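Residue-level listing of the chains:
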Amino acid sequence: MGQAFVCSSVGAPVRGRTPPQRLTIGPAQKSQITSVYKWLARFRSGGAASLADRRSVRRTQRRTLDPQQQQHAVELRHQRLHLRHIARMLGAPFSTVARALNRLGLG
């Protein structure tokens, strides 16, 4: 069964069966019920077009420091400043600064 069929048929009688009778699931399908609920929420918010396949990879990329920022961070770290202070001075996320300096062995 496709996502659109499942979502469009929820709440409508099919062959004389009401939704609770039609949507009873066995033990083998219990793990799939969360998928059906996600599909239903997407269908209700955006219609059939919102059920198109989605990418399974990360939607955002990790930030990196440009070479000038990284050099400044290294200089500040050699002055024994704390990573949070360096991050605040650079205007970059703490996790980005920590990852960059750990890579250089200065974490």
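Within each chain, residue numbers correspond to sequence positions counted from 1 in written order. pLDDT decides what is reported in this predicted model: residues at 70 or higher carry local features, side-chain atom pairs at 80 or more are listed and counted, and totals for whole chains, interfaces and linings draw on all residues regardless. Hydrogens and water molecules were not included; the side-chain quantities draw on all heavy atoms of the structure.

1. Focus: the packing of helix α4 (residues 67–78) against helix α5 (residues 83–90)
- Here an angle of 0 to 180 degrees is reported between the N-to-C directions of two axes, which are lines fitted to C-alpha atoms, with helices fitted over the stretch in contact. Segments assigned H or I by DSSP are reported as helices when at least four residues long, segments assigned E as strands when at least two residues long, and all are numbered from the N terminus. Two numbers describe how α4 lies on α5: the axes approach to 10 Å, and their chain directions differ by 145°. With respect to the hand of their crossing, α4 and α5 are arranged in right-handed fashion. Between α4 and α5, the residues in contact are Gln69, His72, Ala73, Leu76 and Arg77 and Leu83, Ile86, Met89 and Leu90, respectively.
- Per-class residue counts for the contact of α4 with α5 are six nonpolar, two polar and one charged. Working rule for handedness: look at the near helix, and if it is turned counterclockwise from the far one by less than a right angle, call the crossing left-handed; if clockwise, right-handed. Any two residues whose heavy atoms approach within 4.5 Å are treated as being in contact. By the convention adopted, Pro, Cys, Tyr, Trp, Phe, Met, Ile, Leu, Val and Ala count as nonpolar, Lys, Arg, Asp and Glu as charged, and the other residues, Gly among them, as polar.

2. So, the packing of aromatic side chains
- Any two of the Phe, Tyr and Trp rings considered here, Trp counted by its six-membered ring, make a pair once their centres fall within 6.5 Å; the pair's planes then place it as stacked at under 30 degrees, edge-to-face at over 60, or tilted in between. On inspection of all chains with the given rule, the structure shows zero aromatic pairs.
- Working rule: Lys NZ or Arg CZ, within 6 Å of ring centre, within 35 degrees of ring normal, means a charge sits over the ring. When the ring centre of phenylalanine 94 is taken as reference, the NZ or CZ atom of arginine 84 above it lies at 4.2 Å.

3. Considerations on unusual backbone geometry
- Positive phi values are uncommon outside glycine, yet arginine 80 reaches one of about 65°.
- The classification of residues rests on relative accessible area computed with a 1.4 Å probe and restricted to protein chains. Under 20% of the type maximum is buried, over 50% is exposed, and intermediate values are partly exposed. For arginine 80, a relative accessible area of 76% translates into the label exposed.

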